[in-house]
Every structure is written in structure tokens, then in C-alpha cells.
Amino acid sequence: MPSDAISTDPPIPYVEDYPISHRIGRGGYASVWLGWRRGAMGFYLPVALKVLDPEHTQSDAACRRFFSEARLLSAIEHPNVISVIDTGRSNDRAYYVMEYVRGTSLANLLEVGHRMLPLDAALMIAIRIGSGLHATHLAVNGDGDSLRIVHRDVNPSNILLGQNGIIKLIDFGIATS
């Protein structure tokens, strides 16, 4: 990069207990970063950290929406829906930690290939995402009451395709309950 070029990447946020490597996604009010969960004896697990952008950190409404997304995700237990591992605040920044999926989004795959998927691959993705959505609709709170979650933004950018056939639905930022 030329020295006079202006970077559009925000500075890497500091999140206690989770060293961060680089940004892997960007949304309307938060960025997703590749980070590492540290453990004993040099253990490092790659994780995805969704960090609320600085301009939204002071807004109580934005923080409530942000943590609401994490709470909704934590209520859904399904292999085709991204899992939340942790939530918190660090350096005045709200964040939550999700499992990291090595791979790409369906949108990136379609963009790079400039082609349609083979029918069997498209059906496999549709069936798994449908299964994850079904589990989302059946999610309950601690009292067993239905959360009535509706994702509201199922699109190729919110479907991750990982190694070994992993398929995950992500981004419940505009979901309703």
C-alpha cells in the first residue's frame, strides 16, 4: 500500500482475554474480528468476536439490541446456527464471542464462481439452513416459553460454508422475538 493511501479499516479493538488478529466482517453497527481464546499450556482456539462500533457504544438502545442478538443466539442450539461462547465489555466496547467457521460465505462463493451451484449442493445448503431456521423458530427461554424468533435477514451473506461440510446461519442483528 502506498504511504499516502488512507486505510478504511478501523483500528483493531482491544478486547480483554481475546487477542485479535484482523477484521473478517463488517455490518451496520458492528465489526467481526478473528480472535483467539487463550487457555492453559499455550492453548489457542480461533473465535469470531463481534464488537460494537465506537460510535454506537454510548447508545443504551444500541447496546441493548447488540446484547439482545447474543441472548437470542444463545437460546438456539443447532449445528447449523452459529453459537455464542461469551459476551462482555472491554475498554468501553461491547462484544460477544462466537465460534469461528473456517471458510467463506455463500455470497462470496457465488461471487467468485460467477456461477450457479450444482443442484445437490444447493439442496444440501437449503436443507441445513431450513433445519437451523426450524430450530430457531422452536427456541424457548429458561421457563420453556417460545421465544418466537424470526431471523428476518436470511441471504447468501449470512450463510457460512466451512470446511468438512459445515453450514451455519449467522447475523441475527435484525431478528425479532
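The paragraphs below set out a description of the structure included in this document.

Rules behind the numbers
- Residues numbered from 1 in each chain as written.
- Predicted model: local features only at pLDDT ≥ 70, side-chain atom pairs only at ≥ 80, totals over all residues.
- Heavy atoms only, no water.
- Helix = DSSP H or I, 4+ residues; strand = E, 2+ residues; numbered from the N terminus.
- Buried < 20%, exposed > 50% of the residue type's maximum accessible area, 1.4 Å probe, protein only.
- Phe/Tyr/Trp six-rings, centres within 6.5 Å; stacked < 30°, edge-to-face > 60°.
- Salt bridge = Lys/Arg side-chain N within 4 Å of Asp/Glu carboxyl O.
- Contact = heavy atoms within 4.5 Å.
- Pairing = 2+ DSSP bridges.
- Axes fitted to C-alpha atoms, helices over the stretch in contact; angles between N-to-C directions.

1. Topic: unusual backbone geometry
In this structure, methionine 41 is a non-glycine residue whose phi angle is positive, near 60°. Residue placement: methionine 41 occurs in the loop between strand E2 (30–38) and strand E3 (44–52). Within the chain, arginine 148 stands out as a residue other than glycine whose phi angle is a positive 50°. For arginine 148, the position within the fold is in the loop between helix H4 (119–138) and strand E7 (159–162). Looking at arginine 148, the relative accessible area reads 64%, which means it is exposed.

2. Concerning the packing of aromatic side chains
Summed over the entire model, instances satisfying the criterion amount to 4 aromatic pairs. Arranged with centres 6.2 Å apart and planes meeting at 65°, the rings of tyrosine 18 and tyrosine 95 form a pair that is edge-to-face. Remark: tyrosine 95 occurs in strand E5 (residues 93–99) and tyrosine 18 occurs in the segment before strand E1 (20–26); sequence separation between them is 77 residues. Assessed through its relative accessible area of 7%, tyrosine 95 is described here as buried. Taken together, the ring pairs connect Tyr29, Phe66, Phe67 and Tyr96 into an aromatic cluster.

3. Remarks on the pattern of salt bridges
Evaluated as defined, the whole model comprises 4 salt bridges. Where lysine 50 meets aspartate 171, a salt bridge forms, and the shortest distance between an N and an O atom there is 3.6 Å. Separated by 121 residues along the polypeptide, lysine 50 in strand E3 and aspartate 171 in the segment after strand E8 (167–169) bring together distant segments of the chain. Owing to a relative accessible area of 27%, aspartate 171 belongs among the partly exposed residues under this scheme. A network of salt bridges, in which partner residues are shared, links Lys50, Glu69 and Asp171.

4. Here's the deal with the environment of glycine 132
For glycine 132, the position within the fold is in helix H4. Residue glycine 132 is classed as buried on the basis of its relative accessible area, which comes to 0%. Here the alpha-carbon distance between glycine 132 and isoleucine 82, two residues 50 residues apart in the chain, equals 9.4 Å. In this structure, glycine 132 is in contact with His78, Asn80 and Val81, ignoring residues within four places of it in sequence.

5. Observations concerning the sheet that holds strand E6 (residues 103–105)
Spatially, E6-E7-E8 is the arrangement adopted by the 3 strands of the open sheet, whose pairing is antiparallel. Of all strands in the sheet, those bounded by a partner on one side alone are E6 and E8. When strand polarity is set aside, the average angle formed by the axes of neighbouring strands in this sheet is 20°. Across the sheet, helix H3 (residues 106–113) is in contact with E6 and E7; its angle to E6 comes to roughly 85°.

Just geometry here; none of it tells us what the structure is for.
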